[in-house]
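Coordinate analysis (summary)
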Amino acid sequence: MVTLRLKRTPDLCLDVEGIIPEAVQGKTLEEIEKMEILNGSRKVNIGDYFDVTDEGNSLIFEGDLSKVKRIGMNLRDGEILVKGNAGMYVGAFMRGGKITVEGSVDAFSALNMKGGELIVRGNAGDYLGASYRGDWRGMSSGKILVEGDAGKETGCFMCGGVIIIRGTVDSYCGVKMKGGTIFANKARTRAGASMMAGSIILNSTPELLPGFFFERKMEPEIEKLLELEKELIEGEYHLFSGDHAERGAKGKIYVREFISF
Amino acid sequence: MKLILKNGIVYDPLNGINGERMDICIKDGRIVDKIWFGARKIDVRNKLVMPGGFDLHSHIAGGKENVGRMMRPEDSLRRFSVRKNGLRSGSGYSVPSTFLTGYEYVKMGYTTAVTPAMPPLYARHTHHELNDIPIIDKMAFPLYDGNWFVMKYVAEKDIDMLQNYVAWLLRATKGFAVKIVNPGGTEAWGWRRNVKDVDEAVPHFNVTSREIIENLVKACESLKLPHSVHLHGNDLGSPGNFETALKTIDTIKHIDAKNNRQVLHLTHLQFFSYGGDSWKTFDSRADEVAKKVNKRDVTIDTGNVLFGDTTTMTADGPLEYSLHTITRLKWVNRDVELETSPGVTPVIYSKKSPVNAVQWAAGIELALLIDSDKVILTTDHPNGGPFTRYPELIALFMSKKYRDKYSEMNNAIERRTGLLTIDRELDFYEIAQITRANPAKSAGMEKIKGHLGVNAHADIAVYDINPLEFDSSDYEKIEKALSTAFLTLKDGEIVLKEGKIVKETPGRTYWVNPDVDSAIEPDLNEYFRKYYSVSLSNYFVQKDELVRGEIFTLN
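Just so we're clear, the structure is a prediction, and the values are computed from it rather than from any experiment.

**Remarks on the side chain of Thr-251 of chain B**
All names here are of chain B. With respect to the secondary-structure elements, Thr-251 resides in the loop between α9 (242-250) and β13 (264-266). A distance of 2.5 Å separates the side chain of Thr-251 from the backbone oxygen of Thr-248, its partner in a polar contact. Leave out the neighbours within four places in its chain, and Thr-251 touches Arg-210, Ile-213 and Glu-214.

**A few points about the domain arrangement of chain A**
According to the domain assignment, chain A consists of domain 1 (1-83) and domain 2 (107-261). For domain 1 of chain A and domain 2 of chain A, the distance between their C-alpha centres works out to 32 Å.

**Some points on the sheet that holds strand β11 (residues 179-181) of chain B**
Residues and elements named next belong to chain B. Taken in spatial order, the five strands make up an open sheet running β11-β12-β13-β16-β20, and their pairing is parallel. Each edge of the sheet is formed by a strand with only one pairing partner; in this case those strands are β11 and β20 (375-376). By the bridge criterion, two bridges tie strand β16 (residues 298-301) to β20 in an arrangement that is parallel. The residue of β20 that forms the bridge with Asp-301 is Ile-376. Along the sheet, helix α8 (residues 209-222) contacts β11, β12 (229-232) and β13; its crossing angle with β12, the most-contacted strand, is approximately 160°.

**Remarks on the environment of Ser-131 of chain A**
Residues and elements named next belong to chain A. Residue position: Ser-131 is located in the loop between β10 (117-120) and β11 (143-146). Along the backbone, Ser-131 and Lys-186 are 55 residues apart, and their C-alpha atoms lie at a distance of 22 Å. Residues contacting Ser-131, with those up to four places away along its chain left out, are Leu-111, Asn-112, Arg-137, Gly-138, Cys-156 and Phe-157. Of note is the side chain of Ser-131, whose polar atom sits 2.9 Å from the backbone oxygen of Asp-135.

**A short note on the packing of helix α5 (residues 148-155) of chain B against helix α6 (residues 159-173) of chain B**
All names here are of chain B. As a packed pair, α5 and α6 sit with axes 8 Å apart at the nearest point and diverge in direction by 165°. By the angle class used here, α5 and α6 are roughly antiparallel. The element α5 and its partner α6 pack so that their crossing is left-handed. Contacts between α5 and α6 pair Phe-149, Val-150, Tyr-153 and Val-154 from the former with Met-161, Leu-162 and Tyr-165 from the latter.

Rules used in this analysis
- Residues numbered from 1 in each chain as written.
- Chains lettered and ligands numbered in written order.
- Predicted model: local features only at pLDDT ≥ 70, side-chain atom pairs only at ≥ 80, totals over all residues.
- Heavy atoms only, no water.
- Helix = DSSP H or I, 4+ residues; strand = E, 2+ residues; numbered from the N terminus.
- Polar contact = N/O pair within 3.5 Å; in protein donor to acceptor, adjacent residues only side chain to side chain.
- Contact = heavy atoms within 4.5 Å.
- Domains from an automatic or database assignment.
- Pairing = 2+ DSSP bridges.
- Axes fitted to C-alpha atoms, helices over the stretch in contact; angles between N-to-C directions.
- Parallel < 35°, antiparallel > 145°, perpendicular 65-115°, else oblique.
- Left-handed = near helix turned anticlockwise from the far one by under 90°.

This is the structure in structure tokens:
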């Protein structure tokens, strides 16, 4: 459909909110070049910072976009491909469609996600799939897959959906979560702090918080969305319930082994 | 500057004008009888002309409002406006920032608003925030509920000193009227207790809630304050609290009105009109409360609840805690030294919840059942809903069809309230009463605010709707017309034109300055030295801290 190739790294962050497939559809290349984006607080045109061509079969961003924020924010439908790293707020508030990032993403990606799919081939920053600051109603549906590592407070206040991290997730993953599933190959400390419901599956972690009580050994119940990860999830896991620091908590954490790293 | 608004259809209850086509002449910020020449003319043919709106109870500035803004960043996501045309930026849906508050009021045709719960210790903060609210005129009511001075003088039955303290505090905080929240209850909250009834004693102080109310009302009357005591009674929001409300209204039975106004204003009465003995049997007793209000010399504001997401904030600490235990959402409690203890927590009023549906209906019942010269429209912003939703509320009052449509959503409205049996629909005259005339009169400002007679401030709202060809079943049209004014005039200047703010002016802050006897000083010195974290000399808000402060007197 359209490829936007970054000409040069901007001094200030570019904010491409609103540049989603449904907005560029049916527009000529000249019209797309004239669409407004923000550079800092200043309005600029897409053409000032991007080469616009009609290559590819989806909306494609190309180049080192680590200073480009809000790619695919409020996405409802269609596909976005990012060839390179992306900045903050990738796929924030998205309700549908698919975003694939071939590099890494920065913090607040898939914030308050309500549906759709985000795939990150590299690493993700902090607050992946978390709730907006202050909100107690976080990610409610959809799927996030990170092939590398993820940052702190991944899936905080999560209510539904699935987050898969094939690498290591930093501390406080699934903090305050109320539903949904998080899978991580490795997790640093304090997974599921203050969680009320939902489940976290960890292949290895150094320790759990004292609010978690051991229940039994079992194979984890795997949701449909997690089936692709079957080869990573195998064998017997220790099931813990918690976090009993909260009243009436019904969360579950499955841990295969406890290793310090 | 001279201006004539021509051919508008005018509703002005204080002057008995009910939908007459007439011209309004404005000169130097006031309304005058006639202008012979040199006036700019604006034709507002077939448009609704009313005095500027007056909101008697709206938490727009102060300590807990700011806490609400800080604790709800997600609320700012729901509404924000960027800086343009010389206007400031702002954000917030249920707790809008100061500039946005002013703009949103003006957009609805409101020109005066009261922030009704100012902890005296946060008076300086409140006034600096009020300074930042543009265009509209403002007032602040300091809190007297859990105040150690008040309770001490009431316990000693020393009415002169109480009166002296009331006057001193109004002066010190640049306040306008006496506000009481959960009398005694906020002090009891310091001991993790509450005062649930007017005859319950306050721990460690030999007083009851009834004594606090009675004595403050008496003090208010002899000080000749423009507004009466502004009372948020005991036991707000719990099932079966209507009996406490009836007793609270009866506390003023023996007190004669000395000034030409009510002796007590009951605020957000909807939250006090519940029957039943648990949340399962929770129902509306608005009819009984309304009967009592009609009998006594009081005014009320409704405090309607509207479905949706909002932030609750009151100086009633124990109430906010009990709300938090129900919703289990984030909660802030503050302790203001010797004075009060406010709390803040978000709340979602859900259409599916029978309790919320009863609350929704009870507020509308009150507005429809109480005499229209006693009712004032509020949502207790932001407790029942943000003030920006007043047009929706007005449409509900005016259209039975609209209410019936809502009522289908939850059968609790039919089973537990009497709303569906009420056929009354308010007309524009009555709307002008409950949003303009009554609040101005209740605040003692009926000479300059809330009407369009000669010498009134030229605060005028013009809406793009023809009230003479009005059909109550077309509620969407009412809501749309009232949510964006066609013209808003403040002190004779056009501040809003066709929904866009064209001029930003600083609004006044009114305060009262009653006489104070120096006999109060030894007590003040002692308490400030012993208990307060600030010194007496730092406590007093100076006159020049108010950008456009104005002393208001009854004469």
